[in-house]
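Coordinate analysis (summary)
Here's the letter readout for the chains.
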Amino acid sequence: ARVVEVFNASGRKGLAAAAARRLRALGFNVITESSPPPIEKQTRLLGFSSDTAAALKLREALGLEELEIRVRPSQKSVAGAAVVLGVDFDERKLGR
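From a predicted model like this one, the values you see are computed outputs, not experimental measurements. (Residues numbered from 1 in each chain as written. Predicted model: local features only at pLDDT ≥ 70, side-chain atom pairs only at ≥ 80, totals over all residues. Heavy atoms only, no water.)

**Overview of helix 1 (residues 15-25)**
What sets the pattern is the α-helix's 3.6 residues per turn: residues three or four places apart point alike. Burial in helix 1 covers these residues: L15, A16, A19, A20, R22 and L23. For helix 1, the angular spread of buried residues about the axis comes to 160°, placing them on one side. Set apart from the buried face of helix 1 by more than 90 degrees, the exposed residues are R21 and A25. Immediately beyond the C-terminal end of helix 1, within one or two residues, lies G27, with a positive phi of roughly 95°. (Buried < 20%, exposed > 50% of the residue type's maximum accessible area, 1.4 Å probe, protein only. Helix = DSSP H or I, 4+ residues; strand = E, 2+ residues; numbered from the N terminus. Arc of directions from axis to C-beta.)

Structure representation (structure tokens):
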């Protein structure tokens, strides 16, 4: 399973949990789901390895194909990738 983290920076209650449920149903291992401050306008995808396979799968699973993956191999994480859900994230994408 691809190990990922989900952060809700949208200000909408329950969004990280809903995204994590969707991702787990698709076979992801979600190790973090939280709502850290501050609120961010734009959704971001982060890859924590030069191997972007986890980030690519995460992007596809959430219907975020238009987003660029920001690769941060220096950032220490057990996860291969993370998504920071911003105000612009369309929750309807979780029902696909």
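**A word on unusual backbone geometry**
In this model, P37 is joined to P38 through a cis peptide bond whose omega is -5°. Mapped onto the elements of the fold, P38 is located in the loop between strand 2 (29-34) and strand 3 (44-47).

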